[in-house]
Amino acid sequence: MSNTAVADAAAPSTAANPFLTRLGAGFVSRLVIIVPYLWLLFFFLVPFVIVFKISLSQTAIAMPPYTPVLDFRDGVSGFFAGFRDLNFDNYVWLTQDALYFKAYLTSVVIAAISTGLTLLVGYPIAYGMARAPATIRPTLLMLVILPFWTSFLIRVYAWIGILKPEGLLNQLLLSLHIINQPLVILNTYTAIFIGIVYSYLPFMVLPLYSSLEKMDYSLIEAAKDLGCPPTAAFWKITFPLSLPGVIAGCLLVFIPAVGEFVIPDLLGGSQTLMIGKTLWNEFFANRDWPVSSAVAVILLLLLIVPIVLFQHAQARAQEQDK
Amino acid sequence: MKSLGSIRRDFAPWNDPKAKPYIQFDGVTKRFGDFTAVNNLSLTIFEREFFALLGASGCGKSTLLRMLAGFEEPTAGRILLDGQDLRGIPPYRRPVNMMFQSYALFPHMTVENNIAFGLKQEGMPKPDIEKRVADMLKLVKLEQFAKRKPHQLSGGQRQRVALARSVAKRPKVLLLDEPLGALDKKLREETQFELMDLQQELGLTFVVVTHDQEEAMTMADRIAIMDKGEVMQVATPAEVYEAPTSRFVAHFVGNVNMFEGKVAERTDKATRITGATGAQIVVENGAAATGADIIFAIRPEKIRVSSKKPADAVNALEGEVYDIAYLGDMTVYHVRLDDGQIVRASALNAARVTEDPLTWNDRAWVSFRPDAGVVLAR
């Protein structure tokens, strides 16, 4: 469609040669499409191919620490000879050690639970924002985005100060005589949940807000008018209509939470197991690039499912807007 | 028998002192902060009446409707429905339903489910719901669209779904907020008649809010004309048009010519008025006392324009043709009287050929019968 639009716009100036016009317009619109594809090719596909290739290699005490390297030192034939040394041994290894399976599983479970918690916390916030007077909505939106102004790492560090046994939270609860013993939160899964919910809350609130904000309030009035009490009206009208926002928010939290490394490392301590930390250990502690690459490739495949779901939901939401 | 306008109305409970009011607004005031949307308003609507609230935007007509639906509570005063005070009853427990200006169709539900929504809320058994929904779809002629979603329908079809949904529960009163506002002119005219037929068929009380006077005149049994939160006049369309009680109403509904003057003399039958520049006119119906400052209001179609002074005319004023607009079904003349006032007159083109054609700048006479206009307080 954009093709013909551009051609029509250009037509008056070069009306003498419609063929040339069409050719030119086609080239321009193709160029426009090519740029983002080139970007994706160089910065996503090529790195992935490199990681995938490393995952098929073997560790070696060398620079880089794997073999074969696949270069042209021995000419073109040497380059292709290297392919014979590639194999799936590292993937087989991942299935043999239960540690990896457990790490993947706990990561998915932790990400799922914290996504649910983020939704529970984020929905009322987004709902309140969408129903707030239009004049203060930009301010509320600003407050949600405000944490991004400081480093994520520093904010997670700050939670250590709050959650540790002699931290702010325990001091407060002890001084109010709500508890007698300091709560052990730091270095547990609870701390990871708190960290993920806190860090990813804006990613949940923003899509929820945008879908709740554009909802016509007269729909709720219509539901009430037809005999529906407010709570039922929420579940029958508001919630179903905010589903695209719920799905978008959940995936925006779930996908990065599965591979999360900083939060479990800083708040979860050594007792907690997550795939992001496992990957880090393989890479830096064990210097086993091929195995950690295999871990990364599996993680990516694991996440493709929700990403595809996410895109599907977005496409559907866009269609509904039309 | 003489009657205002061209229709005889047999349904007129408002003239029957024994008739029981169905909806009563009793001294209702609604304030939003400093702004008074509705000011100490009292109004009575009867059962099976098609009642229109007519006014410019911001006159408080929608607020009145929303108070009846239960979305707003009056700041002061009471609203009674069939003798029951509605104060404190939430919208979902009121026996009224509303058709929203935006239609407010649930976008995630099919046409069927939209219509069934209210019925499900009141816990109607499933087979009965199915039957009622089928009846409603038939009523609005949308049987083959039952499984569609609202975004797959045209504007007119959506309007009919909204209508079907709001009457599905058989409410005591149906409230319609600018029901035809989003439709194009042609569809709007067709739908006006459909709505009237529907009201007759279902025997419901309709309260419609509109800013379109033609719409109100076409559909309503009675019209309440509102301005700044107050009711200016409540009357049948013919009364509102032919016998407005105030300058505002005369101006708001249709076109009107206004002459300022003084009552010079009053007899039993006639009132003689002297205009500001000395012109004399005689009118039949005027209650104003001698010497009172008044306005004489007359509709353009009640004024005749001719090149010679009609022999039998009681009231005839001379001037010059200033503007002419030929509209096909009628012709509109603007005549500048010798005292400078411009008079608008319209003539129905009942015949294809005119005996006495006029053109720009012709000398012309405007004439009208003594009962053609009304005398209003200044």
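Residues numbered from 1 in each chain as written. Chains lettered and ligands numbered in written order. Predicted model: local features only at pLDDT ≥ 70, side-chain atom pairs only at ≥ 80, totals over all residues.

1. Some words on the overall build of chain A
Let me state the cut-off plainly: Elements are defined by DSSP. Helices are runs of H or I of four residues or more, strands are runs of E of two residues or more, and each kind is numbered from the N terminus. Every radius of gyration here is taken over C-alpha atoms, with the globule rule written as 2.2 Å times N^0.38, N being the number of residues. Put plainly, a residue is buried at 20 or more neighbouring C-beta atoms within 10 Å of its own, exposed at 12 or fewer, and partly exposed in between, counting only other residues' C-beta atoms, which are placed from the backbone. We call two residues in contact when their backbone-placed C-beta atoms lie within 7 Å.
Secondary structure summary: chain A contains 14 helices and 2 strands in total. Its C-alpha radius of gyration of 26 Å places chain A more than 25% over the 20 Å reference for a compact globule of 322 residues. Referenced to the eigenvectors of the C-alpha coordinate spread, the extents of chain A come out at roughly 75 × 70 × 35 Å. Taken across its 322 residues, chain A has 29% of its residues classed as buried. Contacts spanning at least 24 positions in sequence make up 67% of the contacts within chain A whose residues lie at least 6 apart.

2. With respect to the overall build of chain B
Scanning chain B from terminus to terminus reveals 8 helices and 20 strands. Dimensions of chain B, computed from C-alpha atoms along their principal axes, come out at roughly 75 × 50 × 45 Å. Classification of the 378 residues of chain B by burial places 38% in the buried group. For chain B, the proportion of contacts with a sequence separation of at least 24, taken over those separated by at least 6, is 65%.

3. Let's talk about the domain arrangement of chain A
All names here are of chain A. Here is the rule: For each domain, the first and last residues come from an automatic or database assignment. Any residue that is not Ala, Val, Leu, Ile, Met, Phe, Trp, Tyr, Cys, Pro, Asp, Glu, Lys or Arg is counted as polar, Gly included; the first ten are nonpolar and the last four charged.
The assigned domain composition of chain A is domain 1 (2-85) and domain 2 (89-321). A separation of 34 Å is found between the C-alpha centroids of domain 1 and domain 2. Listed per partner, the contact involves 10 residues of domain 1 and 9 residues of domain 2. Mapped onto the side of domain 1 that touches domain 2, the elements with two or more residues apiece are α2 (18-55) and β1 (58-59). Within the side of domain 1 that touches domain 2, the residues separate by chemical class into 6 nonpolar, 4 polar and no charged.

4. Thoughts on the interface of chain A and chain B
It is common to report an interface's size as the accessible area lost on association of the parts. The interface of chain A with chain B comprises 14 residues on the first partner and 17 residues on the second. Counting only elements with at least two residues in the side of chain A that touches chain B, the list comes to α10 (218-225) and α11 (230-258) of chain A. Sort the elements by how many residues they give to the side of chain A that touches chain B and α10 of chain A lands first, with 6 residues. Split by residue class, the side of chain A that touches chain B holds 8 nonpolar, 2 polar and 4 charged.

5. Digging into helix α2 (residues 111-121) of chain B
Residue and element names in this part refer to chain B. For α2, the tally of buried residues reaches 8 of 11 residues, placing the bulk of the element in the interior. Among the residues of α2, those classed as buried are V111, E112, N114, I115, A116, F117, G118 and L119. Taken together, the buried residues of α2 touch α3 (126-139) and α4 (155-167). Directly beyond the C-terminal end of α2, a positive phi value near 70 degrees is found at G123.

6. Considering the nonpolar core
Rules: The term nonpolar core refers to a group of buried residues, namely Ala, Val, Leu, Ile, Met, Phe, Trp, Tyr and Cys, whose C-beta atoms join them within 7 Å.
With 83 residues, the main nonpolar core has A52, L53, L68, A164, L175, V207 and I225 of chain B as its most contacted residues. Core analysis: the next-biggest nonpolar cluster, separate from the first, contains 48 residues, A103, Y104, M129 and V291 of chain A among them.

7. Observations concerning the sheet that holds strand β20 (residues 373-377) of chain B
Residues and elements named next belong to chain B. The cut-off we apply is this: One requirement defines pairing of two strands: DSSP has to find at least two bridges between them. Every angle, taken between N-to-C directions, lies between 0 and 180 degrees, and every axis is a line fitted to C-alpha atoms, over only the stretch in contact when it is a helix.
Within the open sheet, the 5 strands sit side by side as β13-β12-β11-β14-β20. Their pairing is antiparallel. Sheet topology places β13 (280-283) and β20 at the edges, where each strand pairs with a single neighbour. Taking the axes of each pair of neighbouring strands and ignoring which way they run, one obtains an average angle of 40 degrees across the sheet. Examined bridge by bridge, strand β11 (residues 257-266) and strand β12 (residues 271-275) share 5 bridges and lie antiparallel to one another. Across the sheet, the residue bridging to E265 is R272, located in β12.

8. As for the UniProt feature "transmembrane region" (unreviewed entry) in chain A
Residue and element names in this part refer to chain A. Heads up, the condition is: UniProt positions are given in the numbering used here, feature names are shortened, and annotations may be inferred rather than shown by experiment.
Listed under "transmembrane region" (unreviewed entry) in the UniProt record, and renumbered for this structure, are residues 31-56, 103-127, 139-163, 183-209, 241-263 and 289-310. Its end C-alpha atoms 35 Å apart, residues 31-56 is made of 96% helix and 0% strand. Annotated as residues 103-127, this span is 100% helix and 0% strand, and its ends, taken at the C-alpha atoms, are 35 Å apart.

9. Quick notes on the confidence of the model for chain B
For the record, the criterion: Confidence scores labelled pLDDT are given residue by residue by the predictor and lie between 0 and 100.
Considering every residue of chain B, the mean pLDDT works out to 91; 99% of them sit at 70 or more. Both confidence scores are given for the complex: pTM 0.81, ipTM 0.85.

10. What to know about the domain arrangement of chain B
All names here are of chain B. Splitting chain B by domain gives domain 1 (13-251) and domain 2 (255-377). Just the C-alpha atoms count here: the centres of domain 1 and domain 2 sit 39 Å apart. Listed as interface residues are 6 residues of domain 1 and, on the opposing side, 5 residues of domain 2. Residue composition of the side of domain 1 that touches domain 2, grouped by class: 3 nonpolar, 2 polar and 1 charged.

11. Quick word on the sheet that holds strand β16 (residues 315-326) of chain B
Residues and elements named next belong to chain B. Ordered in space as β15-β19-β16-β17-β18, the 5 strands form an open sheet in which the pairing is antiparallel. Two strands bound the open sheet, and with one partner strand each, they are β15 (304-306) and β18 (342-348). Direction aside, neighbouring strands of the sheet carry axes that sit 45 degrees apart on average. Sheet topology note: the β15/strand β19 (residues 363-368) ladder contains 3 bridges and is antiparallel. Within β19, the position partnered with R304 by the bridge is S367.

12. Remarks on unusual backbone geometry
Omega for the peptide link from M63 of chain A to P64 of chain A comes to -10 degrees, which places this bond in the cis form. Its location among the elements puts P64 of chain A in the loop between β1 and β2 (66-67). Here the residue pair T67 of chain A and P68 of chain A is connected by a cis peptide bond, since its omega of -5 degrees sits within 30 degrees of zero. Locating P68 of chain A in the fold gives a position in the loop between β2 and α3 (75-82). Unlike most non-glycine residues, D82 of chain B shows phi in positive territory, near 50 degrees. Structurally, D82 of chain B is set in the loop between β4 (76-81) and β5 (84-85). Residues other than glycine seldom take positive phi values, yet K141 of chain B does so here, at roughly 55 degrees. A residue is classified by how many C-beta atoms lie within 10 Å of it, and K141 of chain B, with 12 of them, is exposed.

13. Quick notes on the packing of α2 of chain B against α4 of chain B
Packed helices, taken two at a time, are described by their axes: the angle between them and the distance between them. All names here are of chain B. Keep this limit in mind: Between 65 and 115 degrees an angle is taken as roughly perpendicular, under 35 as roughly parallel, over 145 as roughly antiparallel, and anywhere else as oblique. Helix crossings are classified by the rotation of the near helix relative to the far one: an anticlockwise turn of less than a right angle makes the crossing left-handed, while a clockwise turn makes it right-handed.
Between α2 and α4, the shortest axis-to-axis distance is 7 Å and the interhelical angle comes to 25 degrees. Taken as axis vectors, α2 and α4 run roughly parallel relative to one another. For the pair α2 and α4, the crossing hand works out as right-handed. Counting all contacts with α2, which are made through V111, N114, I115, F117 and G118, the residues of α4 involved are V161, A164 and R165.

14. Side note on the environment of D10 of chain B
Residues and elements named next belong to chain B. The topology assignment puts D10 in the segment before β1 (23-32). The exposure class of D10 is exposed, given the 5 C-beta atoms found within 10 Å. Between the C-alpha atoms of D10 and L137, which are 127 residues apart in sequence, the distance is 31 Å.

15. Focus: the pairing of strand β14 (residues 293-298) of chain B
Every regular strand shows the same layout, with side chains that alternate between the two sheet faces. In this structure, β11 of chain B lies alongside β14 of chain B, joined through 6 bridges in antiparallel fashion. Paired with E260 of chain B across the two strands is I295 of chain B, which belongs to β14 of chain B.

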